[in-house]
Amino acid sequence: MRVTKAVIPAAGFGTRFLPVTKATPKEMLPVVDKPSIQYVVEEAVGAGLADVVVITGRSKRPLEDHFDRNVELEAALEAKGDVDRLDLIMASNDLAKMHYIRQGDALGLGHAVLTAQHHVGNEPFAVLLGDDLIDPRDPVLARMISVREQHGGSVLCLMEVPRDQISLYGCAATVPTDAPDVVSVTDLVEKPDAQDAPSSLAVIGRYVLDPAVFAVLSRTPPGSGGEIQLTDALRELARMTASEGGGVRGVLFDGRRYDTGDRLSYLQANILMALERDDLGPALRAWLPTVLDPEGG
Ligand code: G1P
């Protein structure tokens, strides 16, 4: 069965970015000049997933507005003949078929995914986490979908990280497969201490999941941080047989990925993405050394 739907959990409070996230969803914070969630929706669409469900909560209305028309602004730009900006604001209107589901209580990532059960139904689907921004030049989701179509089961995106950072992620124990970029996942642990981690392979926020995950999630107790963890459900799926919808593989990713989840890495993501842009890169590149070393040159 083909993968056609994407689930984007976006109900969190964004506490690491307070005060800006007091009344503005974290997902609306710009990376250069686009809200971070637009990159994620574009990535889903780029991988062929045109049905997108965003799991939201209170104060998330701006998310819905961003993917809808702004008729007044369109009229104002049209009256001025500002076609370029008109194109910019229209681009997010018809990007995907957008759906919104409220999570109610925010009980963790696993719970957010479970909220999408009715919409997803009995089909494999993708989950994309907004804190991980995958550079559009290094798409990984299409490869993950092809691994799912070939083998069934669920597919994770795994990336080598420095050992001292593994406690920020889900961590996978793996064995190789015949394909050099694919591993078989034998065990998973959410945010282990460095000394207990089974590897330095971190789970990055892209998943292709078998619908069997829903039944597992509905009996998964709170885990790390008191939250219902997707990682814990995947651990169980890794132990289940193929006929039960089990089996977990990982696609090894070594492309460009930016973490927009905390303030420092968010700032770094903005600078890195801006440096790559034709309209901003050259000026930024020339300016940065003058702030870092005002005496230099
Ligand atoms: C979540 C997952 C974790 C994964 C991470 C990727 O954690 O629970 O397994 O490694 O996303 O960004 P969070 O960063 O939301 O705490």
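Residues numbered from 1 in each chain as written. Predicted model: local features only at pLDDT ≥ 70, side-chain atom pairs only at ≥ 80, totals over all residues. Heavy atoms only, no water.

Caption draft 1: Region of the structure containing the overall build of the protein chain. For the protein chain, the count of helices and strands is eleven helices and 13 strands. For 297 residues, the compact-globule estimate of 2.2 N^0.38 gives 19 Å, and the protein chain sits close to it at 20 Å. Projected onto its principal axes, the C-alpha positions of the protein chain cover 60 × 50 × 35 Å. For the protein chain, with 297 residues in total, the buried portion stands at 49%. For the protein chain, the proportion of contacts with a sequence separation of at least 24, taken over those separated by at least 6, is 74%. (Helix = DSSP H or I, 4+ residues; strand = E, 2+ residues; numbered from the N terminus. Rg over C-alpha atoms; globule rule 2.2 N^0.38 Å. Buried < 20%, exposed > 50% of the residue type's maximum accessible area, 1.4 Å probe, protein only. Contact = heavy atoms within 4.5 Å.)

Caption draft 2: Representation of helix H11 (residues 281-292) in the model. In this model H11 runs 17 Å from its N-terminal to its C-terminal C-alpha over twelve residues, within 8% of the 16 Å that 1.5 Å per residue would give. Taken as a whole, H11 has its buried residues at Gly 281, Leu 284 and Leu 288. For H11, the arc enclosing every buried residue in end-on projection is 55°, short of the 170-degree limit, so these residues lie on one face. The outward face of H11, more than 90 degrees from its buried face, is lined by the exposed residues Pro 282, Ala 283 and Ala 286. (Expected span 1.5 Å × (residues − 1). Arc of directions from axis to C-beta.)

Caption draft 3: A look at the packing of aromatic side chains. Tallied over the entire structure, the rule returns two aromatic pairs. Taken together, a centroid distance of 5.3 Å and an interplanar angle of 80° make the contact between Phe 17 and Tyr 266 edge-to-face. Within this pair, whereas Phe 17 is found in the loop between strand E1 (5-9) and strand E2 (30-31), its partner Tyr 266 is found in helix H10 (residues 263-275), the two being separated by 249 residues in sequence. Taking the relative accessible area as the measure of exposure, Phe 17 reaches 7% and is therefore buried. (Phe/Tyr/Trp six-rings, centres within 6.5 Å; stacked < 30°, edge-to-face > 60°.)

Caption draft 4: How the structure looks around the site of the ligand. The environment of the ligand is made up of Leu 109, Leu 129, Asp 132, Tyr 169, Gly 170, Glu 190, Lys 191, Val 203, Gly 205, Tyr 207, Gln 229 and Thr 231. Gly 170 is positioned with one of its backbone polar atoms (N or O) 2.9 Å from an oxygen atom of the ligand. Contacts to the ligand include Val 203, whose backbone N or O atom sits 2.6 Å from an oxygen atom. Here the ligand loses 79% of its free accessible area of 380 Å² to cover by the protein chains. (Near = heavy atom within 4 Å. Polar contact = N/O pair within 3.5 Å; in protein donor to acceptor, adjacent residues only side chain to side chain. Areas by Shrake-Rupley, 256 points an atom, 1.4 Å probe, with all protein chains shown as cover.)

Caption draft 5: Spatial organisation of the packing of helix H3 (residues 71-80) against helix H4 (residues 83-90). Close contact between H3 and H4 brings their axes to 8 Å; oriented N to C, the two are set at 160°. Looking at the two axes, H3 sits roughly antiparallel to H4. As for how H3 packs across H4, the hand of that crossing is left-handed. Across the interface between the two elements, Leu 73, Glu 74, Leu 77 and Glu 78 of H3 pack against Arg 85, Leu 86, Ile 89 and Met 90 of H4. (Axes fitted to C-alpha atoms, helices over the stretch in contact; angles between N-to-C directions. Parallel < 35°, antiparallel > 145°, perpendicular 65-115°, else oblique. Left-handed = near helix turned anticlockwise from the far one by under 90°.)

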